[in-house]
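Below are the chains, spelled out letter by letter.
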Amino acid sequence: MSSSIAPPGADQPAAQPSIGGFERYLTVWVALCIVAGVALGQWFPTAFQAVARLELAKVNLPVGLLIWVMIVPMLLKIDFAALGQVRAHWRGIGVTLVVNWIVKPFSMALLGWLFVRHAFATLLPADQLDSYVAGLILLAAAPCTAMVFVWSQLCRGDPYFTLSQVALNDALMVVGFAPLVALLLGLSSITVPWATLLISVGLYIVVPVAIAQLLRGHLLKKGPSRLQAVGARLGRWSIGALLLTLVLLFAFQGEAIIAQPMVIALLAVPILCQVVLNSGLAYLLNRKLGVAHCVAGPSALIGASNFFELAVATAISLFGFQSGAALATVVGVLIEVPLMLAVVSVVTRSRRWYEQGLPR
C-alpha cells in the first residue's frame, strides 16, 4: 500500500505508482488468509488460545504490535503541513468532510439496523447482532488514509487535494473518532467501554501518528527520495502485518464461520450499499458545486473508503478477537479493493458527463 506525494511547495507533484499487482489482488490474499486462519485454528486450538491470553489492559500484545506495523507506514505518507492548502480546495474538502463525518457513519448505523437487525436477523447468530452493527459503525467512522493516494492517482485526481484532505481527516480522527463512535454505539443501544475506546484511540491513532511524524521528519532530513524508499519498504511490511492479523483473527472466528458460512456475504451487503451511497453523493454534490473533476474523483473515493486497519484494531480491542464486530470490520477489508476499483472505473468513465454538467 505504498505511494508518494510531493511535499507542499514542490513545483510538480511527484509521480505516483499505480496500484501494484500484490495490492490489486488483496481480496485474493485476504480470502486465502481466511481459509488459512480457519484451518489453523481448528488444527492448533491450544496455540492460538495461548496467543489470545497475551493481553495487557485488554489489548492483545502480538496484535497490537502487528497493528502498529500496519498503520505507521501509512501515516508516514501524511504531511500535516498540507493543511495549509485546505482553502484552495474548500468546496471539495467541505463535501468530503460532510460525507465522511456526518453522512457515512450515520448512514451505516441505519444500514446496520436495517439489514442486520431486521432483514438478515434470522440468518445471523442472534447473540452477535449488536456486535455486527458495532463493527459496521467502527468501519464507517474511520476515513481512509493510505490507499486513497492510489485511488486518486488512478482517477487522475489532484494529488494536493488528496494530501490535504487525508491530512485533515487524520487530524480530526485524533479528536473526533472516539466521541463519534461512542455516540453511534449509544444510539444503537450498545454499551460503550469508554476506557478501552480511549486506550484504542491512544494506541492506534495518537501514538502511531506521533511515531510516523517523528520518523518522517528524520527521513526528510536525508531527502524526499529517502522517505519514499523507506515508505515503499515499510509498505510491504504493512501488508504482511495486515494479513497475519487476519490469520489470527480467523483462527478464532473459525467455529462461527464454519457454522454460518453466509455471514460474510450478508455483512457485505450494508458495506456495498454505503459505498454506492457515499461515493455517489460526494460525486454529485461536487458536480453541483462546480468542483473540478480532478477534485471530485478523489473526493468521491475518500468519501466511500475506510481506514479498515484502524477499524479492525478498535473492534478487537473493544469486543475481542471472537466478536462479530471484529468479523464485520474484516469483511470491509475483503471487499475494499474490488469496490474501490469499481468506483474508480465509474469516476474515470463518467468524466465527460461530469464536466458537461458543471455550472457555466
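Residues numbered from 1 in each chain as written. Predicted model: local features only at pLDDT ≥ 70, side-chain atom pairs only at ≥ 80, totals over all residues. Heavy atoms only, no water.

(A) Spotlight on the packing of aromatic side chains. The final tally for this structure, using the stated rule, is three aromatic pairs. Between tyrosine 283 and tryptophan 353, the ring centres sit 6.4 Å apart and the planes meet at 35°, which makes this aromatic pair tilted. Of the two residues, tyrosine 283 sits in helix H11 (residues 263-288) while tryptophan 353 sits in helix H15 (residues 351-356), which places them 70 residues apart along the sequence. When its relative accessible area of 7% is taken as the criterion, tyrosine 283 is described as buried. (Phe/Tyr/Trp six-rings, centres within 6.5 Å; stacked < 30°, edge-to-face > 60°. Helix = DSSP H or I, 4+ residues; strand = E, 2+ residues; numbered from the N terminus. Buried < 20%, exposed > 50% of the residue type's maximum accessible area, 1.4 Å probe, protein only.)

(B) Empty space enclosed by the protein, seen in detail. Per the counting criterion, the structure on display carries one cavity of 30 Å³ or more. Its boundaries defined by the atoms lining it, the largest cavity holds a volume of some 40 Å³. Lining the largest cavity are Ile271, Val275, Ala304, Ser305, Asn306, Gly332, Ile335, Glu336, Leu339 and Met340. For the lining of the largest cavity, the secondary-structure elements that each account for two or more residues are H11 and helix H14 (324-349). (1 Å grid on protein atoms, 1.4 Å probe; cavity = no way out; pocket = protein on both sides within 12 Å on 5 of 7 lines; lining within 4 Å. Points joined across faces, edges and corners; volume = space filled by probe spheres on them.)

(C) Focus on unusual backbone geometry. Look at arginine 156: it is not a glycine, yet its phi comes out positive at around 60°. Inspection of the secondary structure puts arginine 156 in the loop between helix H7 (146-154) and helix H8 (159-187).

(D) Structural view of the packing of H11 against H14. The geometry of H11 relative to H14 is characterised by a closest axis approach of 9 Å and an angle of 40° between their N-to-C directions. One way to sum up the angle between H11 and H14 is to call them oblique. Here the hand of the crossing between H11 and H14 comes out right-handed. The residues of H14 that touch H11, namely those facing Val263, Ile264, Leu267, Ala268, Ile271, Leu272, Val275, Ser279 and Tyr283, are Leu327, Ala328, Val331, Gly332, Leu334, Ile335, Leu339, Met340, Val343 and Val347. Looking at the contact of H11 with H14, its residues break down into 17 nonpolar, two polar and no charged. (Axes fitted to C-alpha atoms, helices over the stretch in contact; angles between N-to-C directions. Parallel < 35°, antiparallel > 145°, perpendicular 65-115°, else oblique. Left-handed = near helix turned anticlockwise from the far one by under 90°. Contact = heavy atoms within 4.5 Å. Nonpolar A, V, L, I, M, F, W, Y, C, P; charged D, E, K, R; others polar.)

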